[in-house]
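Structural overview for review
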Amino acid sequence: MGFVDYEVKGNYAVITINREKALNALNSEVLEDLDKVLDGIDPDTVRAVVLTGAGEKSFVAGADIGEMSTLTKAEGEAFGKKGNDIFRKLETCPIPFIAAINGFALGGGCEIAMSCDIRIASENAMFGQPEVGLGITPGFGGTQRLARLVGPGMAKQLIYTARNIKADEALRIGLVNAVYPAEELLAEAEKLAGMIAGNAPIAVRACKKAINEGLELPMDEAIALEEKLFGSCFESEDQKEGMANFLRKKDDPAKVKHVAFQNK
Ligand code: DAK
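Everything quoted here is computed from the prediction, not taken from an experiment. (Residues numbered from 1 in each chain as written. Predicted model: local features only at pLDDT ≥ 70, side-chain atom pairs only at ≥ 80, totals over all residues. Heavy atoms only, no water.)

On to the site of the ligand, then. Not every one of the 24 residues close to the ligand is listed here, only the nearest: Lys 57, Ala 61, Ala 63, Gly 76 and Gly 108. At 2.7 Å from an oxygen atom of the ligand is found a side-chain nitrogen or oxygen belonging to Lys 57. One of the backbone N or O atoms of Ala 63 is found 2.7 Å from an oxygen atom in the ligand. Split by residue class, the shell around the ligand holds 13 nonpolar, seven polar and four charged. (Near = heavy atom within 4 Å. Polar contact = N/O pair within 3.5 Å; in protein donor to acceptor, adjacent residues only side chain to side chain. Nonpolar A, V, L, I, M, F, W, Y, C, P; charged D, E, K, R; others polar.)

Let's shift gears to unusual backbone geometry. Across residues other than glycine, the phi torsion is negative in most instances, and most of the peptide bonds are trans. In the Ramachandran plot, Leu 23 falls in the positive-phi region, its phi being about 55° despite a non-glycine side chain. Within the secondary structure, Leu 23 sits in the loop between strand S2 (12-17) and helix H1 (28-40). Note on Leu 23: relative accessible area 26%, which makes it partly exposed. Backbone geometry places Asn 24, a non-glycine residue, at a positive phi of 65°. (Helix = DSSP H or I, 4+ residues; strand = E, 2+ residues; numbered from the N terminus. Buried < 20%, exposed > 50% of the residue type's maximum accessible area, 1.4 Å probe, protein only.)

Our focus in this paragraph is the side chain of Ser 115. Positionally, Ser 115 belongs in helix H4 (residues 108-115). On the basis of relative accessible area, Ser 115 is assigned to the buried category, the value being 2%. Among the polar contacts made by the side chain of Ser 115, one reaches the side chain of Arg 145 at a distance of 3.4 Å. Sequence-distant contacts of Ser 115, defined by excluding residues within four places in its chain, comprise Phe 87, Leu 90, Glu 91 and Arg 145. (Contact = heavy atoms within 4.5 Å.)

Below, the discussion takes up the sheet that holds strand S9 (residues 165-166). Ordered by their spatial adjacency, four strands build an open sheet running S4-S6-S8-S9, and the pairing between neighbours is mixed. Unpaired on one side and paired on the other, strand S4 (58-60) and S9 mark the two borders of the sheet. H4 contacts S4, strand S6 (104-106) and strand S8 (126-128) of the sheet and is inclined by roughly 75° relative to S4. (Pairing = 2+ DSSP bridges. Axes fitted to C-alpha atoms, helices over the stretch in contact; angles between N-to-C directions.)

With that out of the way, let us pick up helix H8 (residues 182-197). With 16 residues, H8 extends 23 Å between its outermost C-alpha atoms, agreeing within 8% with the 22 Å of an ideal straight helix rising 1.5 Å per residue. When we look at burial in H8, the residues that qualify are Leu 185, Glu 188, Ala 189, Glu 190, Ala 193, Ile 196 and Ala 197. (Expected span 1.5 Å × (residues − 1).)

Attention now moves to the nonpolar core. Here is a general trend for soluble globular proteins: nonpolar side chains tend to be buried in one another's company. Core analysis: the biggest nonpolar cluster contains 47 residues, and Ile 15, Phe 59, Phe 97, Ile 101, Ile 112, Phe 127 and Leu 175 have the highest contact counts within it. If one sorts the elements of this core by residue count, H1 sits on top with five residues. The contacts of Phe 97, once residues within four sequence positions are left out, are Ile 15, Leu 38, Ile 41, Val 49, Leu 90, Cys 116, Asp 117, Ile 118 and Lys 208. Tyr 12, Val 50, Ala 100 and Leu 185 belong to the second-largest nonpolar core, a separate cluster that totals 13 residues. (Core = buried A, V, L, I, M, F, W, Y, C linked by side-chain atoms within 4.5 Å.)

Turning next to the environment of Gly 55. For Gly 55, the position within the fold is in the loop between strand S3 (49-53) and S4. Leave out the neighbours within four places in its chain, and Gly 55 touches Glu 20 and Asn 102.

A word on a nonpolar patch on the surface. The grouping of Ile 65, Leu 134 and Ile 136 at the surface amounts to a nonpolar patch, some 260 Å² of accessible area in total. Tracing the chain through its elements places Leu 134 in the loop between S8 and helix H5 (142-150). (Patch = residues over 30% accessible without salt bridge, like charges linked within 9 Å, V, L, I, M, F, W, Y side chains within 5 Å. Areas by Shrake-Rupley, 256 points an atom, 1.4 Å probe, with all protein chains shown as cover. Salt bridge = Lys/Arg side-chain N within 4 Å of Asp/Glu carboxyl O.)

Now for H4. Of all the eight residues making up H4, eight are buried; the element is thus mostly covered by neighbouring parts of the structure. For H4, the set of buried residues is Gly 108, Gly 109, Cys 110, Glu 111, Ile 112, Ala 113, Met 114 and Ser 115.

Strands sit in the order S1-S2-S3-S5-S7-S10 across an open sheet of six strands; the sheet is mixed. The open sheet has two edge strands, strand S1 (4-9) and strand S10 (178-180), and neither has a second partner. On average, each strand axis in the sheet is tilted by 20° relative to the strand beside it, whichever way the strands run. Two strands pair when backbone bridges link them, and S3 and strand S5 (residues 97-101) are joined in this way by four bridges, in the parallel orientation. In the sheet register, Leu 51 faces S5, and the bridge partner there is Ala 99.

Two elements, S1 and S2, share six bridges in a ladder whose sense is antiparallel. Residue pairing in the sheet places Val 4 in a bridge with Ile 17 of S2.

In structure tokens:
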């Protein structure tokens, strides 16, 4: 639809931000289209999502500077809220998201990538929070997520200097998990999505919740949350089938079979 393509490929999906002429910069329309696509994901069939940008040059080159340039204080806050609500929807969506960063990931582009669970990048990817060079602060969660991902010292250096970094440095500081030649990136992202989608979805979603919510809690509460989520898996058929399969294999290796988890 509009500026955001959505393709379901079996048990995973690929979302492509498609405003290539503006290097996939996020204006209000792109954000609204993305919001609708996120609302339309069917969690019964889609078990992992790849998020990427159209073209060979850019993942997302940031929020749309033209659109932002004339905002009043109130409009700026509303624009920030619109983006933040969508990024938060993506971050808290039970299904894991993999950002396949195929070029510029600047400002809002870096921020949307950081809202995903996993980030992998092409060799030509470029990351940065250039906002202070434009007279603003990162507005889509950059100050918060970058500090949590790479530590406050490195986040402050990147944000205060507005310096862009290449994929190899992003890998070194832990902003991305892996770097691939551009032509291999999407296939690698889809391979990862397929691997995740092949595991028990209820368990995968419980892990996402445990990690995301647990990181915000003191350790004792975080462990209690993990215990609760662990316990809830025992109400699922997938747990019964996954463990029964292991035990069958132990009895007789010939009985090895691939478990087709039912998401039940
Ligand atoms: N916005 C709008 N258009 C953009 C854009 C952007 N962020 N980035 C690129 N484009 C457009 C260019 O204007 C150009 O359009 P035409 O002139 O062809 O019509 C087209 O994409 C191609 O760009 P270039 O000709 O500039 O291509 P180059 O290869 O020469 O350069 C570049 C690529 C990525 C280095 C350069 O385009 C660039 O520096 N772009 C801006 C990158 C940037 O500064 N991004 C961060 C934006 S600030 C908040 C909410 C949100 C935010 C903050 C606060 N609140 C409300 C609190 C978020 C802020 C940001 O993301």
